[in-house]
Amino acid sequence: MNTSNKDLNHKIHQNLAPSLAQDWPMILIESAQGVYLNAPDGTKVMDFTSGIGVTNLGHNHPKVVNAAIEQMKKVAHSAVGIVIHEPILQLTEVLPTVMPANMDMFFFGNSGAEAVEGAIKLARYVTGRQGIIAFTGGFHGRTYGAASVTSIKSKYRKHYHPFVPGIYFAEYANPYRCPIGDTPEKAVEWSVESIHRLFKHFIPPEEVAAMLVEPVQGEGGYLVPPAAFHQQLREICDQHGILLIFDEVQTGFGRTGEMFGAQTFGVEPDILAVAKAIANGYPLSATVSSREIMSQWLAGSHGTTFGGNPVACAAALAVQEVFAEEHILDNAKAMGKLFYDGLVQLQQQHEFIGEGRGVGMMLAMEIVKPDGKKTPDAETAMKILNSAYQAGLLGYMAGPDGQVVRFIPPLIVTEKEINHALEILEVCLQKIDAK
Ligand SMILES: Cc1ncc(COP(=O)(O)O)c(C=O)c1O
């Protein structure tokens, strides 16, 4: 690639929609391998974003790349239905062995938003009910149905009204910021009460098709709720014949230290939306459910042209082999703990870190003003991100105010790399203190 910075800037702003082109930090890369992004000038950056939870096995894992290449040589596209191919069928047999119980029937798509759309449509179709309860601060994607259940930022909804009707929002259990008390118990109580308020004032439970929830809120700021939150949702759904949908687009495929958030919290959903890391970078997603539920979704009621692409399915099969052969979950748990402990230590040293938190390899620091009121401080969060990036560590922002600095390292990261990342952070945070 032979593009000067001036050229690049011009092309980005001339040719890419500003809705996309004003993101941060817009690094021009030539290649990527494992934990590293490689720029054309030879500089390397440690990628602790994993393309927002996609390249969980590191960039260009050789086994996944080879599987994709071999499949490409055979056939690269099949509109599933007109023809069928071996990788998709194999995948339907492999995935249930690592998924929560009864997740054994699949509708494959291309993106996370599509998987969420499928989940909502399936829930409405099989229950004959219209209501969907989603949670404040959630993010589910940019297509209309997915944007309609998204409430992290009003910016994502501005100018797009009206949204899909029949959607109601309850409170997510956030023990760091709970209006009735910052404890796990109060956070669960606050959330459950908000659901009962919806039932009482807005929609009776018998008209609710599904509750849609992220096991850990991703874009919302890596908010890890108490397990009791998900257990209570399960109970309320069972009581009223409501389907529980887990959006595991970001939590899925090892990110929480288990293969899925459902396993981390010990709660089984009725429908699962997965995407991102399923094929380590090749576009693939799935709406998944039990045979009992999904077999009611009759012919022609949902479809796709590209979904279940053979190359992406072959890559997804290789991903599962790598998870088993390289004991990826063990590494995710161990390295996640190392990083988490480091963040908690940093929190103790710097007043502006309100909370160091996370689960598995979803790790974050919430940045607040030192005013004793937990006022979100996006400006300092951005300074930390910029300074870490200058030192060779790429993280990303999250949270409704952009006040959260999050890290999404590839699950193959080594102890040496985690320690290096923590050293970089320590220096950056000291610089902030010194100002
Ligand atoms: C929890 C969750 N759901 C859905 C999506 C949308 O996925 P996609 O961007 O692939 O449509 C995202 C993307 O970040 C996500 O984090």
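Residues numbered from 1 in each chain as written. Predicted model: local features only at pLDDT ≥ 70, side-chain atom pairs only at ≥ 80, totals over all residues. Heavy atoms only, no water.

> For the overall build of the protein, give the residues involved together with the corresponding values.
When helices and strands are tallied, the protein shows 15 helices and 15 strands. At 21 Å, the protein has a C-alpha radius of gyration in line with the 22 Å of a compact globule built from 435 residues. Seen through its C-alpha atoms, the protein measures out along the principal axes to roughly 60 × 60 × 45 Å. Here the protein, with 435 residues, has 54% of them falling under the buried criterion. If you take every contact in the protein between residues at least 6 apart in sequence, the share linking residues at least 24 apart comes to 72%. Entry remark: accessible area of the protein is about 19100 Å², with carbon and sulfur atoms responsible for 54%. Of the side-chain charges in the protein, 33 are positive and 45 negative, and the distance between the mean point of each set is 6 Å. (Helix = DSSP H or I, 4+ residues; strand = E, 2+ residues; numbered from the N terminus. Rg over C-alpha atoms; globule rule 2.2 N^0.38 Å. Buried < 20%, exposed > 50% of the residue type's maximum accessible area, 1.4 Å probe, protein only. Contact = heavy atoms within 4.5 Å. Areas by Shrake-Rupley, 256 points an atom, 1.4 Å probe, with all protein chains shown as cover. Lys, Arg positive; Asp, Glu negative; His and termini not counted. Charge placed at Lys NZ, Arg CZ, Asp CG, Glu CD.)

> Hey, could you go over the packing of aromatic side chains for me, with residue numbers and the actual values?
All told, the structure shown has eleven aromatic pairs when counted by the stated rule. Between Tyr144 and Phe163 the ring centres are 5.8 Å apart and the planes differ by 55°, which places this aromatic pair in the tilted class. With Tyr144 in helix H7 (residues 144-148) and Phe163 in the loop between H7 and strand E6 (167-170), the pair connects residues that are 19 residues apart, well separated along the chain. Among the residues examined, Tyr144 registers a relative accessible area of 44% and is labelled partly exposed. Relative accessible area serves as the criterion here: at 13%, Phe163 is assigned to the buried category. Counting every residue linked through ring pairs, the aromatic cluster contains Phe48, Phe339 and Phe407. The ring of Tyr156 has Arg142 lying over it, and the distance from NZ or CZ to the ring centre is 4.1 Å. Here the guanidinium or amino end of Arg197 rests over the ring plane of Trp190, the centre of that ring lying 5.5 Å away. (Phe/Tyr/Trp six-rings, centres within 6.5 Å; stacked < 30°, edge-to-face > 60°. Lys NZ or Arg CZ within 6 Å of the ring centre and 35° of its normal.)

> Could you give an account of the site of the ligand, with specific residues and numbers?
Around the ligand lies a shell formed by Ser111, Gly112, Ala113, Phe139, His140, Gly141, Glu214, Glu219, Asp247, Val249, Gln250 and Lys276. A distance of 2.7 Å separates a nitrogen atom of the ligand from a polar atom in the side chain of Asp247. Contact distances for the ligand include 2.8 Å between an oxygen atom and a side-chain N or O atom of Gln250. Here the ligand loses 82% of its free accessible area of 390 Å² to cover by the protein chains. Split into classes, the residues belonging to the shell around the ligand amount to three nonpolar, five polar and four charged. (Near = heavy atom within 4 Å. Polar contact = N/O pair within 3.5 Å; in protein donor to acceptor, adjacent residues only side chain to side chain. Nonpolar A, V, L, I, M, F, W, Y, C, P; charged D, E, K, R; others polar.)

> Can you explain a nonpolar patch on the surface? Please cite residues and give values.
Taken together, Leu16, Leu20 and Met26 make up a surface patch of nonpolar side chains, about 260 Å² in accessible area. Counting through the fold element by element, Leu20 comes out in helix H2 (residues 18-21). (Patch = residues over 30% accessible without salt bridge, like charges linked within 9 Å, V, L, I, M, F, W, Y side chains within 5 Å. Salt bridge = Lys/Arg side-chain N within 4 Å of Asp/Glu carboxyl O.)

> Give me the lowdown on the sheet that holds strand E12 (residues 362-367), citing residues and values where you can.
With antiparallel pairing, the four strands of this open sheet are ordered in space as E11-E12-E15-E14. Only two strands of the sheet have a single neighbouring strand rather than two, namely strand E11 (353-359) and strand E14 (396-398). When the angles between neighbouring strand axes are averaged without regard to direction, this sheet yields 25°. Pairing geometry for E12 and strand E15 (residues 404-407), over four bridges, is antiparallel. The residue bridging Met365 from the neighbouring strand is Val405, located in E15. The strands touched by helix H14 (residues 378-390) are E12, E14 and E15; relative to E12, the strand with the most contacts, the crossing angle is about 130°. (Pairing = 2+ DSSP bridges. Axes fitted to C-alpha atoms, helices over the stretch in contact; angles between N-to-C directions.)

> Quick rundown of the environment of Leu425? Include the residues and the values.
Within the secondary structure, Leu425 sits in helix H15 (residues 415-434). For Leu425, a relative accessible area of 0% gives the class buried. A sequence separation of 38 residues divides Leu425 from Ser387, and the C-alpha atoms of the two residues are 8.6 Å apart. When neighbours within four sequence positions are excluded, Leu425 is seen to be in contact with Phe339, Leu343, Leu346, Met365, Ile384, Leu393 and Phe407.

> Lay out the nonpolar core with the relevant residues and their values.
Grouped together as the largest cluster of nonpolar side chains are 95 residues, with contacts concentrated most on Phe48, Met211 and Met365. Per-element accounting of this core gives the leading share, nine residues, to helix H12 (residues 310-325). The residues touching Met365, leaving out its near neighbours within four places in the chain, are Leu343, Ile353, Glu355, Gly356, Ile384, Gln403, Val404, Val405, Phe407, Leu425 and Leu429. Membership of the second largest hydrophobic core comes to 26 residues, among which are Val116, Leu122, Ala134 and Ala209. (Core = buried A, V, L, I, M, F, W, Y, C linked by side-chain atoms within 4.5 Å.)

> Can you tell me about helix H6 (residues 112-127), naming the residues and giving the values?
Over its 16 residues, H6 runs 23 Å from end to end, which matches the ideal 22 Å to within 8%, given 1.5 Å per residue. Within H6, the full set of buried residues consists of Gly112, Ala113, Ala115, Val116, Glu117, Gly118, Ala119, Ile120, Leu122, Ala123 and Val126. (Expected span 1.5 Å × (residues − 1).)

> Could you give an account of the packing of helix H5 (residues 86-94) against H12, naming the residues involved and the relevant values?
Remark: H5 packs on H12, axes separated minimally by 8 Å, with the N-to-C direction vectors making an angle of 35°. At the point where H5 passes H12, the crossing takes the left-handed sense. Contacts between H5 and H12 pair Pro87, Ile88, Gln90, Leu91 and Val94 from the former with Pro310, Cys313, Ala314, Ala316, Leu317 and Gln320 from the latter. (Left-handed = near helix turned anticlockwise from the far one by under 90°.)

> Lay out the pairing of E11 with the relevant residues and their values.
Summarising burial for E11: five of the seven residues are buried, a large majority. Bridging between E11 and E12 involves six bridges; their strand directions are antiparallel. Bridge pairing links Arg357 to Ala364 in E12. Taken together, E11 and the strand that follows it, E12, pair antiparallel across an intervening segment of two residues, in which Gly360 is found at a positive phi of about 55°.

> Describe the environment of Glu70, and please don't skip the residues or the numbers.
Its place among the elements puts Glu70 in helix H4 (residues 62-74). Taking C-alpha positions, Glu70 is 8.5 Å from Val311, a pair spaced 241 residues apart along the chain. Among the polar contacts made by the side chain of Glu70, one reaches the side chain of Lys73 at a distance of 3.1 Å.

> An account of the sheet that holds strand E13 (residues 393-394) is requested, with residue identities and associated values reported.
Strand order in the open sheet formed by four strands is E1-E2-E3-E13, and the pairing between neighbours is mixed. For this open sheet the edge positions go to strand E1 (31-33) and E13, each flanked by a neighbour on one side alone. Here strand E2 (residues 36-38) runs beside strand E3 (residues 44-47); their pairing, made up of three bridges, is antiparallel. In the sheet register, Asn38 faces E3, and the bridge partner there is Lys44.

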